[in-house]
Amino acid sequence: TKEMALNIPTLAGCLELVSNTIATLPIQLFKEENGKVIQVLDDNRIKLLNDDTRDTLDGFQFKKALVYDYLLMGNGYAYINKERGKVKSLHYVKESDVSININADPIFKNYDILVGGQTYYPHNFIKILRNTKNGADGVGIVESNNKLLAATYNALIYENILSKTGGNKKGFIKSENKLSDEAIEQLKAQWKKMYSGNSENCIVLNKGLTFQESGSTSTEMQLNENKRANSIEICKIVNVPPSMIEGDGKANENDYEKYVKMAILPILRA
């Protein structure tokens, strides 16, 4: 899910980097006059997009939220509130609150946008869509790269369990004789105490009881190598050079140029 994906440090770091870059860039407006291109400075739309959207989000938060939804879920939506034909305010809408009602014609496509039980037309919204096939909704990283994210998330959960248990291995007890209910409950209590809070406790195994491992150790699973490989793969998804988020000072001008061309420009264009 979206919430699980955001627990993955590499993905969260890439999303922060890309969304902050987009959100800090001022949107400018130009017009052509007498064969010359002139920048327009006094226009209400520039103020709405860069400063005050006249919603609860300012311009920075507005663009950041759109980019997050665009990359993670494939859809970024904002309602254009007009009064007498002029844009009065811009309202970011969470993609989870938006439903698309599209017609069945594969050629002459048309759709309505439903929010909170109300029906709107496509021109009522700003839409940025990732890998869209119909111009109404897109496909995000969570859907298109779910297996990779799930594997990385599961490794994170496994590492969390290891840290909680102090690296103690999972397993089961083999007994030569049948244990009484009281003995089983006592053994369970000892086991729980040993694994809780990484306390310095031990389990006493009486005659006829042996411990059998049921899982591999972290060394055997090569967690660090897997984490490193998965981090690089996640960077590829977002088109961010790994050196940009590693924080080891290895990123250079060439990496930054690749980052702008591959990760930033397509979103700005969208």
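Each residue is numbered by its place in its chain's sequence as written, counting from 1. The predicted origin of the model limits local features to residues at a pLDDT of at least 70 and limits the giving and counting of side-chain atom pairs to 80 or more, whereas totals for whole chains, interfaces and linings rest on all residues. Excluded from the side-chain calculations are hydrogens and water; all other atoms, namely the structure's heavy atoms, are used.

## Considering the side chain of Asn 230
Mapped onto the fold, Asn 230 is located in helix H9 (residues 223-238). We call two residues contacting when some pair of their heavy atoms lies within 4.5 Å. Filtering out sequence-adjacent residues up to four positions away, Asn 230 remains in contact with Leu 148 and Thr 152. The helix and strand labels rest on DSSP assignments: H or I over at least four residues marks a helix, E over at least two residues marks a strand, and numbering proceeds from the N terminus.

## As for unusual backbone geometry
Backbone geometry at Asn 34 places phi at a positive 55°, although glycine is not the residue there. Position of Asn 34 relative to the elements: it lies in the loop between strand E1 (29-33) and strand E2 (36-40). Residues other than glycine seldom take positive phi values, yet Arg 54 does so here, at roughly 65°. Mapped onto the fold, Arg 54 is located in the loop between helix H3 (44-50) and helix H4 (59-73).

## Quick look at the packing of aromatic side chains
For any pair of aromatic rings, the description rests on two quantities: the centre-to-centre distance and the angle between the ring planes. Side-chain rings of Phe, Tyr and Trp (the six-membered ring for Trp) are treated as a pair once their centres are within 6.5 Å; stacked means planes under 30 degrees apart, edge-to-face means over 60, and tilted covers the remaining angles. What the rule picks out here adds up to five aromatic pairs. Geometrically, the ring pair formed by Tyr 77 and Phe 125 is edge-to-face, given 6.5 Å between the ring centres and 90° between the ring planes. Remark: Phe 125 occurs in strand E8 (residues 125-129) and Tyr 77 occurs in strand E3 (residues 75-83); sequence separation between them is 48 residues. Of the two residues, Tyr 77 and Phe 125, both sit in the buried class. Considering the side-chain rings of Tyr 120 and Phe 125, the 5.7 Å spacing of their centres and the 75° angle between planes classify their relative orientation as edge-to-face. Only protein chains enter the accessibility calculation, which uses a 1.4 Å probe; a residue whose area is less than 20% of its type maximum is buried, one above 50% is exposed, and one in between is partly exposed.

## Observations concerning the packing of helix H2 (residues 9-24) against H4
To define axes, lines are fitted to C-alpha atoms, for helices over the stretch in contact only, and angles between the resulting N-to-C directions are given on a 0 to 180 degree scale. At a minimum axis distance of 8 Å, the contact between H2 and H4 shows a crossing angle of 135°. Overall, the two elements H2 and H4 adopt an arrangement that is oblique. Regarding H2 and H4, the two cross each other, and that crossing is right-handed. Residues Leu 11, Ala 12, Leu 15, Glu 16, Val 18, Ser 19, Asn 20, Ile 22, Ala 23 and Thr 24 of H2 form the contact with H4, whose participating residues are Phe 60, Lys 63, Lys 64, Val 67, Tyr 68, Leu 71 and Leu 72. Counted by class, the contact of H2 with H4 contains 11 nonpolar, three polar and three charged residues. Small angles under 35 degrees read as roughly parallel and large ones over 145 as roughly antiparallel, with 65 to 115 read as roughly perpendicular and the rest as oblique. For any helix crossing, the convention is left-handed if the near helix is rotated counterclockwise from the far helix by under a right angle, and right-handed if that rotation is clockwise. Here the term charged refers only to Asp, Glu, Lys and Arg, the term nonpolar to Ala, Val, Leu, Ile, Met, Phe, Trp, Tyr, Cys and Pro, and the term polar to all other amino acids, Gly among them.

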